[in-house]
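Read off the chains here:
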Amino acid sequence: MSKEIEEHRNLNHSGNEPFSSVLEKHISRRSIMRGGLGMAALTVFGGFGLAGCSDNDDDDDDAPVKNALTLAFEAIAGSKTDAFAVAAGYTAQVLIPWGTPLNNAAPAWREDLGFTPEIQLNSVGMHHDGMAPFPLDEANAANHFILALNNEYIDQGALWAPQGGPTNKNEGARPADEVRTEINAHGVTLVEVRKAANGQWEHVLNSQYNRRYTSATEFALSGPVAGTDYVKTKFSPTGLVTRGTNNNCANGYTPWGTYLTCEENWPGYFVKDSGREIDDDRLGIETGRGRYGWETAAGDASEQNDEFARFNATPTGANATEDYRNEPRTFGYIVEIDPYTGDRVKRTHLGRFRHEGCWPGKLVAGEPVVFYTGHDSRNEYIYKFVSDAVWDPADQLAAGSAADRLAIGAKYMDKGTLYVAQFNADGSGQWLPLTPESTTQDGRRLSTALGLANNDLAGVIIHTCDAADLMGATPMDRPEWGAVDPVSGEVYMTLTNNYKRTEAGTAPTFTNDGSAVEDLGVGYNYAPVNGPNPRADNEGGQVIRWREPSVGATTFEWDIFVCGAAASDANNLSGLTELNQFASPDGLFFDAREDGQGILWIETDNGYDAVTDYTNDQVLAVVPANVKKADGDITVVGAADQAQLKRFAVGPNGCEVTGIFTNADKTALFVNIQHPGNWPSTTDATVVTSGTVRPRASTVVIQKVDGGKIGV
Ligand code: FEO
Ligand code: CA
Ligand code: CA
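The rules behind each value
Residues numbered from 1 in each chain as written. Chains lettered and ligands numbered in written order. Predicted model: local features only at pLDDT ≥ 70, side-chain atom pairs only at ≥ 80, totals over all residues. Heavy atoms only, no water. Donors = N, O, S within 2.8 Å, 3.2 Å for Na, K, Ca; no water. Helix = DSSP H or I, 4+ residues; strand = E, 2+ residues; numbered from the N terminus. Buried < 20%, exposed > 50% of the residue type's maximum accessible area, 1.4 Å probe, protein only. Pairing = 2+ DSSP bridges. Axes fitted to C-alpha atoms, helices over the stretch in contact; angles between N-to-C directions. pLDDT = per-residue confidence, 0-100. Contact = heavy atoms within 4.5 Å. Salt bridge = Lys/Arg side-chain N within 4 Å of Asp/Glu carboxyl O. Phe/Tyr/Trp six-rings, centres within 6.5 Å; stacked < 30°, edge-to-face > 60°. Lys NZ or Arg CZ within 6 Å of the ring centre and 35° of its normal. Core = buried A, V, L, I, M, F, W, Y, C linked by side-chain atoms within 4.5 Å. Polar contact = N/O pair within 3.5 Å; in protein donor to acceptor, adjacent residues only side chain to side chain. Patch = residues over 30% accessible without salt bridge, like charges linked within 9 Å, V, L, I, M, F, W, Y side chains within 5 Å. Areas by Shrake-Rupley, 256 points an atom, 1.4 Å probe, with all protein chains shown as cover. Lys, Arg positive; Asp, Glu negative; His and termini not counted. Charge placed at Lys NZ, Arg CZ, Asp CG, Glu CD.

- Going by the annotation in an unreviewed UniProt entry, the name recorded for the protein chain is dTDP-glucose 4,6-dehydratase, with Terasakiispira papahanaumokuakeensis given as the source organism.

Okay, structure coming up:
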C-alpha cells in the first residue's frame with residue numbers, strides 16, 4: 001500500500017480546515033441538539049473535515065492519485081430463512097462446524113452423537129466468535145493457515161440434544177462429566193485449514209497445529225497483576241498461573257504473529273455468596289448458582305484438583321491460598337496465544353473487565369505499540385494500551401520464524417500505560433491514564449481514591465472500571481468490536497445498543513444504591529445521552545470513529561460514522577433504506593487493500609424488532625473513503641451516501657453473524673454463524689434446511705464464483 005498517499009491525507013487533516021471551522025461545526029451540532037432538533041439528521045456530525053482521497057482534491061497536486069475502491073456487488077434484500085444468503089456471484093461454504101473432529105480421538109459428527117469430555121476436547125468447540133488466520137507458508141499464506149477461533153459459550157439444548165437436554169440445568173448438582181464436557185466446549189480452537197484443488201476449503205485432521213484451549217487449560221499470568229496477592233489461590237499460591245479462559249468473544253492479533261482472545265462475560269461463571277469485594281459487584285460475579293451450575297459438581301467423587309470447586313469463590317479457608325476467593329481475579333483479561341507453539345499467557349496490563357476484543361493500532365517504527373479494547377456492558381468504557389517499548393519492525397515475524405513470540409509480546413504488552421476514553425461534546429476527546437499517580441476528576445491521587453497503597457498498579461488493574469469512573473471516563477452504548485485503518489490509524493468501534501441510555505438532562509443513576517460515583521464499585525446504571533451516544537433507549541446502535549494526532553497521543557477527534565436504525569424509524573439518523581437498514585452493529589473488520597483504501601465490514605447481533613421483522617443478522621460493507629462530500633472531504637454516512645453502504649450477506653434464522661477476516665489475497669471472506677436455530681444441513685451454507693437439524697455454529701467461507709477479490 002502507498003504510504004505517501006496516506007501521509008498526504010494526514011497532512012491535509014491539519015492543513016485543510018482551520019480549527020476554528022471544525023469547532024464551529026461542532027458548536028452548530030451542539031446548538032442543534034440543544035434546540036431539540038438533534039435527531040433531525042446525522043450529517044451535521046460532519047466527519048473530521050479530512051481531505052478525501054478523490055482525484056479532485058487539489059490541495060496537493062503532487063500527491064499520487066488513487067483509484068477509488070468501489071463495491072461491485074448488488075446489495076441484497078433482507079432474509080429470514082434457515083439458510084445463509086449472500087450477494088449474487090458468490091458462494092458460501094460451511095467449514096468446521098461445532099463438533100468437527102480435530103483428530104482421531106473424536107468420532108465423525110452425526111446427528112445423535114453423544115458428547116463426552118474426551119470427544120469435545122478433541123473436536124471444534126461451540127459458538128464460534130472472533131477468529132484470525134496464521135499462515136503456515138508465506139508463499140501460500142492466502143490458502144493455508146492455522147485458523148484460531150473463539151468458542152464463546154454454549155447452547156446446552158444442542159449439546160445435550162440426544163439425551164433430551166442437560167441434567168439439572170437450573171437446580172441440583174450437575175453431573176461431573178456434563179460439566180467437563182461444557183468446560184471443554186468453551187475456549188479457543190486452533191485448526192489447520194487449506195483450500196483444496198476443487199476450490200473448497202477443508203481442515204487437516206490430526207494436524208500438529210490442531211489444539212483446544214478450554215475453561216480448564218492452564219494459563220500463565222503476566223504483567224502487573226501476576227504474582228500479586230490479588231491472584232493467589234489454592235491452585236497457585238504464587239499467583240502466577242490459573243486455569244481456563246472463558247467467554248472468549250472477539251479477538252485480535254499481533255504483528256509478531258500471535259492470537260489475542262478476549263474474556264467477555266466470564267463473571268457469570270463464578271459464584272461468591274459472602275466475602276464479596278467491590279470488583280465482584282462491579283463486574284457481576286454471581287451469587288447462588290453460576291450460569292451453567294459448574295460449581296455444583298464440586299465434591300463429586302471423581303473431582304480432581306478442585307476442578308469444579310474453583311468456580312465457587314466464596315471464602316472457606318483461613319486465607320486466599322486455601323480457597324478460590326481470588327479465582328475470578330484471574331479472569332477478565334486479554335489472552336495471548338502463540339498458534340505455532342501452543343504457548344499462552346494472560347496479559348493483565350490491558351485491563352480487567354468484560355473485554356469484547358483487542359485491536360492493534362497503526363504501527364510506526366520508533367513509536368509505541370497501541371491496542372484498543374472495549375468493555376461490552378451498558379455504560380462502560382473504551383480503553384487504549386500504549387507500550388513503553390517502541391516498535392521495532394524486526395519484530396514483525398514471518399510464518400516460519402522460530403523467534404519466541406511470547407517474549408516479544410511481553411516486551412510490548414506487559415509494560416506500558418492503560419488509558420480510558422473521555423469524549424467531549426465538541427468532537428474532541430482525551431485518553432485518561434489509569435496509573436496509581438493519576439489525578440482523579442475530584443483532585444485525588446487515583447491509588448488513594450481506590451483505597452490502594454501508593455504505587456499499587458496491580459490494584460488499579462484489578463479495579464479497572466472503578467479507576468475509569470474516578471478519572472471521568474465517558475459511559476458508552478456497549479462497546480463491541482473495533483477496527484483500525486492500518487494506514488491512517490483511524491479507529492472504528494461498534495456501540496451495539498443501550499436501553500439504559502436516558503434523555504438529555506436526566507440524572508445518571510448508579511448500579512448499587514444511587515450514591516455518587518466517588519463511591520466505589522457502582523458504575524453507571526442509567527446515564528443520559530452524550531456526544532458519541534446521542535440516542536436515548538438506543539436500539540439501533542452506532543459505529544463511532546476517532547483519530548489521533550500521533551501514535552500514543554493522549555488526545556483524539558471523533559465522529560459518528562453511521563447509526564443503525566430501521567428505515568422507517570423517526571430517528572433514522574443515517575438515512576438508511578431497506579437495502580441497508582441494520583441495528584446492533586457488533587463485528588467489525590477493516591479490510592485494508594493494496595492501494596491504502598479499505599472496506600469496512602459490519603456484522604450485526606440484533607434484537608431490535610423493527611429490523612428483525614425484516615431480516616436476520618447480516619454483513620454490510622462500506623468503503624469509508626467513498627463517503628465524502630462534493631469537495632472530497634470525508635464525512636459520515638447520510639442520506640446521500642446510501643449507495644455506499646450495502647448489505648452483502650444475511651445469516652440463517654436465530655443466529656448472530658460474528659468473527660470476520662479476509663484471507664491474504666482477498667479472495668475469501670470468513671465469517672462465523674453463532675447460535676443458528678436450525679442450520680446447517682449441508683456444506684453449502686445457502687441451502688435452506690428442510691425439516692429439523694441439530695444446530696451447529698459454523699465458519700462460513702465466502703468466495704467469488706469467478707475467483708476474484710471479495711466485494712469489488
Ligand atoms: Fe460476546 Fe459483546 O459480544
Ligand atoms: Ca460481540
Ligand atoms: Ca453482541
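### Some points on the coordination of the calcium ion (ligand 2)
Then step 1. Within the first shell, the calcium ion (ligand 2) binds the protein through Glu 356 (OE), Glu 480 (OE), Asp 586 (OD) and Asp 586 (OD), at distances of 2.4 to 2.7 Å.
Then step 2. Along the chain, the residues donating to the calcium ion (ligand 2) fall in the pattern E-x123-E-x105-D.
Then step 3. For the pair the calcium ion (ligand 2) and the calcium ion (ligand 3), the metal-to-metal distance amounts to 3.8 Å, and Glu 480 bridges them. Note that Glu 356 is positioned in the loop between strand S13 (344–347) and strand S14 (359–360) and Asp 586 in strand S28 (residues 585–592), a separation of 230 residues in sequence.

### Some remarks on the coordination of the calcium ion (ligand 3)
Then step 1. Protein-derived ligands of the calcium ion (ligand 3) are Glu 480 (OE), Asp 586 (OD) and Asp 605 (OD), with the metal-ligand distances lying across 2.3 to 2.4 Å.
Then step 2. Written as a sequence motif, the donor residues of the calcium ion (ligand 3) are E-x105-D-x18-D.
Then step 3. Glu 480 sits in the buried class, given a relative accessible area of 2%.

### Digging into the sheet that holds strand S2 (residues 90–95)
Then step 1. The strand order across the open sheet formed by four strands is S2-S34-S33-S32, and the pairing between neighbours is antiparallel. Every other strand in the sheet has two partners, leaving S2 and strand S32 (656–662) as the edge strands with one partner each. Strand after strand, the sheet turns through a mean of 25° between neighbouring axes, direction not considered.
Then step 2. Direction of pairing for S32 relative to strand S33 (residues 668–674): antiparallel, over a ladder of six bridges. Within S33, the residue paired with Ile 660 across the bridge is Val 671.

### Description of the pairing of strand S22 (residues 491–495)
Then step 1. Burial analysis of S22 places five of its five residues in the buried class, the great majority of the element.
Then step 2. What you see with S22 is no split at all: Val 491, Met 493 and Leu 495 on one side and Tyr 492 and Thr 494 on the other are buried throughout.
Then step 3. Sheet topology note: the strand S21 (residues 479–484)/S22 ladder contains four bridges and is antiparallel. Within the sheet, the bridge partner assigned to Val 484 lies in S22 and is Val 491.
Then step 4. Connecting S21 to the antiparallel partner S22 that follows it, the hairpin turn spans six residues, and Gly 489 within it adopts a positive phi of roughly 85°.

### Digging into the confidence of the model for the protein chain
Then step 1. Put simply, the protein chain has an average pLDDT of 91, and 89% of its residues get 70 or more.
Then step 2. In this model, residues 1–45 is a region of pLDDT below 50 whose contacts with residues beyond four sequence positions or in other chains number 84 contacts.
Then step 3. Between residues 49–65, whose pLDDT stays under 50, and residues either more than four places distant or in other chains, the model counts 39 contacts.

### Thoughts on helix H10 (residues 464–471)
In an α-helix, one turn spans 3.6 residues, which is why side chains three or four residues apart end up on the same side.
Then step 1. Buried residues dominate H10, accounting for eight of its eight residues.
Then step 2. Taken together, the buried positions of H10 are Thr 464, Cys 465, Asp 466, Ala 467, Ala 468, Asp 469, Leu 470 and Met 471.

### Quick look at the pattern of salt bridges
Then step 1. Applying the stated criterion to the full structure yields 32 salt bridges.
Then step 2. Residue Glu 594 pairs with Lys 709 through a salt bridge whose shortest N-O separation is 3.6 Å. Within this pair, whereas Glu 594 is found in the loop between S28 and strand S29 (598–604), its partner Lys 709 is found in the segment after strand S34 (698–704), the two being separated by 115 residues in sequence.

### Remarks on the packing of aromatic side chains
Then step 1. Using the criterion set out here, one finds 37 aromatic pairs in the structure.
Then step 2. On the basis of an interplanar angle of 65° and a centroid distance of 5.1 Å, the ring pair of Trp 98 and Trp 109 is categorised as edge-to-face. Placement of Trp 98 in the loop between S2 and helix H3 (117–121) and of Trp 109 in the loop between S2 and H3 is noted, with a sequence separation of eleven residues between them.
Then step 3. Ring geometry for Tyr 269 against Trp 294: centres 5.1 Å apart, planes inclined by 55°, an arrangement best described as tilted. Note that Tyr 269 is positioned in the loop between strand S11 (259–263) and helix H6 (278–283) and Trp 294 in the loop between H6 and strand S12 (334–337), a separation of 25 residues in sequence. In this structure, Tyr 269 and Trp 294 share a single accessibility class: buried.
Then step 4. Taken together, the ring pairs in this structure connect Trp 266, Tyr 269, Phe 270, Tyr 292, Trp 294, Phe 311 and Phe 331 into an aromatic cluster.
Then step 5. Sitting above the plane of the Phe 331 ring, Lys 346 keeps its charged end 3.8 Å from the centroid.
Then step 6. Here Lys 646 stacks its cationic end above the ring of Phe 73, 5.3 Å away from the centre of that ring.

### With respect to the nonpolar core
Then step 1. Formed by 87 residues in total, the largest nonpolar core has its most connected members in Phe 84, Ile 382, Trp 546, Trp 601, Phe 648 and Ile 702.
Then step 2. Element by element, the count of residues in this core is highest for strand S27 (residues 555–563), at six residues.
Then step 3. If we ignore the near neighbours within four places in the chain, the residues touching Trp 601 are Gly 587, Leu 588, Phe 589, Asp 591, Val 619, Leu 620, Ala 621, Phe 648, Ile 660, Leu 669, Ile 710 and Gly 711.
Then step 4. Core analysis: the next-biggest nonpolar cluster, separate from the first, contains 70 residues, Ala 106, Phe 115, Ala 185 and Ala 449 among them.

### Quick look at the sheet that holds strand S10 (residues 248–253)
Then step 1. Read across the open sheet, the six strands follow the order S9-S8-S13-S12-S11-S10; overall the sheet is mixed. Across the chains shown, the open sheet's two edge strands, defined by having one partner strand only, are strand S9 (241–243) and S10. For this sheet, the mean inter-axis angle between neighbouring strands, taken without regard to orientation, is 35°.
Then step 2. As defined by bridge partners, strand S8 (residues 218–222) adjoins S13 across three bridges and the pair is classed as parallel. Residue pairing for S13: Ala 220 is matched across the bridge by Val 345.
Then step 3. With respect to the sheet, helix H7 (residues 405–413) is in contact with S11, S12 and S13, its orientation differing from that of S13 by roughly 5°.

### What to know about the side chain of Asn 151
Then step 1. Mapped onto the elements of the fold, Asn 151 is located in strand S4 (residues 144–151).
Then step 2. In terms of polar contacts, Asn 151 uses its side chain to reach the side chain of Thr 189, at 2.7 Å.

### Description of the pairing of strand S26 (residues 542–547)
Then step 1. Counting buried residues along S26, six of its six residues qualify, which places the element largely inside the surrounding structure.
Then step 2. On S26, burial covers both faces: Gln 542, Ile 544 and Trp 546 on one face and Val 543, Arg 545 and Arg 547 on the other are all buried.
Then step 3. As paired elements, S22 and S26 share five bridges and run antiparallel to each other. When the bridges of S26 are listed, Thr 494 appears paired with Val 543.
Then step 4. Judged from the six bridges that link them, S26 and S27 form a sheet pairing that is antiparallel. Of the residues in S27, the one forming a bridge with Val 543 is Val 562.

### Some words on the environment of Leu 406
Then step 1. Considering the arrangement of structural elements, one finds Leu 406 in helix H7.
Then step 2. Distance in space between the C-alpha atoms of Leu 406 and Thr 258 is 7.8 Å, their sequence separation being 148 residues.
Then step 3. Ignoring any residue separated from it by four or fewer positions in sequence, one finds Leu 406 in contact with Thr 258, Glu 336, Asp 338, Asp 343, Arg 344, Val 345 and Arg 347.

### Topic: a negative patch on the surface
Then step 1. On the surface, a cluster of negative charge is contributed by Glu 503, Asp 537, Glu 539, Asp 609 and Asp 613.
Then step 2. Inspection of the secondary structure puts Asp 609 in helix H11 (residues 609–612).
Then step 3. Among the residues examined, Asp 609 registers a relative accessible area of 51% and is labelled exposed.

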